[in-house]
Amino acid sequence: MKIAELFYSIQGEGSLVGVPSVFVRTSGCNLRCSWCDTPYTSWQPEGVEMDLKQIIDEVAAHPARHVVVTGGEPMIAPEIIPLTEQLRGLGLHITIETAGTVFQPVACDLMSISPKLSNSTPEGPWAAQHNRLRIRTDTLSRLIERYEYQLKFVIEKPEDLPEVRDLVANLQAPPECVVLMPEGTDAERLRERSLWLVEICKEEGFRFSPRLHVELWGNRRGV
Ligand code: SF4
């Protein structure tokens, strides 16, 4: 399967923020978010072909107890099911980072689902497909029914909140499973947006998440 990057770092987002983890980033995505922070997996997918043994050997070479399978959209990667099963065989805690548009019966301990709000819609020829696919309520329901999960939303402006509230109510997800993160690829913008986003989280009972890897290292690959 095509792997954009494989590296050892700390989880930068969500309920496991700060946990040392190996990241396996698949290349290829069915969406095209305007603010995508990994365009080398979506708009211009890059990477190298690796077989399962190569991936597993490289993951096992690091001392982590957690692995994060991310993308792109890992749920469309061929062999995603055997990959997760073999990672489980290593005894690792598995997080899958997905937009929640595709269901696969993967091995997973935390389904980290990031449904894409309308603030992600690009201009141009991809807009129609992106809008048609970005929220699949049936798929989201299957994922949250089957797995431990978090619903992670990228927030650009306070006006994004009604969309979050509607979807959360529709899925009957408890607020403690909902995580809001500021959109931004530099520390200054993240800080500015975090200040009002924290207040929204206090009002709504949602969890706030920093984007620690961006704060620490900026918008770089391999972190
Ligand atoms: S779903 Fe993720 S990888 Fe795909 S375009 Fe959106 S932000 Fe990028």
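Look above for the structure.
What counts and what doesn't
- Residues numbered from 1 in each chain as written.
- Predicted model: local features only at pLDDT ≥ 70, side-chain atom pairs only at ≥ 80, totals over all residues.
- Heavy atoms only, no water.
- Helix = DSSP H or I, 4+ residues; strand = E, 2+ residues; numbered from the N terminus.
- Rg over C-alpha atoms; globule rule 2.2 N^0.38 Å.
- Buried < 20%, exposed > 50% of the residue type's maximum accessible area, 1.4 Å probe, protein only.
- Contact = heavy atoms within 4.5 Å.
- Areas by Shrake-Rupley, 256 points an atom, 1.4 Å probe, with all protein chains shown as cover.
- Lys, Arg positive; Asp, Glu negative; His and termini not counted.
- Charge placed at Lys NZ, Arg CZ, Asp CG, Glu CD.
- Near = heavy atom within 4 Å.
- Nonpolar A, V, L, I, M, F, W, Y, C, P; charged D, E, K, R; others polar.
- Pairing = 2+ DSSP bridges.

K.L.:
Looking at this structure, how should I read the overall build of the protein?
P.N.:
Within the protein, the regular secondary structure consists of seven helices and nine strands. Here the C-alpha atoms of the protein give a radius of gyration of 17 Å, agreeing with the 17 Å that 2.2 N^0.38 yields for 223 residues. In the protein, which comprises 223 residues, the share counted as buried stands at 53%. Sequence separation of 24 or more characterises 68% of the internal contacts of the protein that already satisfy a separation of 6 or more. Counting only carbon and sulfur atoms, one obtains 49% of the accessible surface of the protein, whose full area is about 10,100 Å². Between the averaged position of the 23 positive side-chain charges in the protein and that of its 31 negative side-chain charges there is a distance of 1 Å.

K.L.:
Which parts of the structure should I look at to understand the site of the ligand?
P.N.:
Close contacts around the ligand come from Cys29, Leu31, Arg32, Cys33, Trp35, Cys36, Thr38, Thr41, Ser42, Gly72 and Lys116, and that covers them all. For the shell around the ligand, a count of residues per class yields five nonpolar, four polar and two charged.

K.L.:
Mind showing me how you'd approach the environment of leucine 31 here?
P.N.:
Among the secondary structure elements, leucine 31 is positioned in the loop between strand 2 (20-26) and strand 3 (48-49). Leucine 31 gets classed as buried once you look at its relative accessible area, which sits at 1%. For the pair formed by leucine 31 and arginine 211, sequence separation is 180 residues and the distance between their alpha carbons is 21 Å. Once residues lying within four places of it in the same chain are set aside, the contact partners of leucine 31 are Ser42, Ala99, Thr101, Lys116, His130, Leu133 and Arg134.

K.L.:
What is the right way to look at the pairing of strand 6 (residues 110-113) in this model?
P.N.:
The side chains of a regular strand alternate between both faces of the sheet. Burial along strand 6 is two-sided: the residues Leu110 and Ser112 and Met111 and Ile113 are all buried. Inspection of the sheet shows strand 5 (residues 93-98) paired to strand 6 by four bridges, in the parallel sense. Opposite threonine 95, over in strand 6, you have leucine 110 as the bridge partner. Pairing geometry for strand 6 and strand 7 (residues 149-155), over three bridges, is parallel. When the bridges of strand 7 are listed, isoleucine 113 appears paired with leucine 151.

On their own, these measurements won't tell you what the molecule is for.
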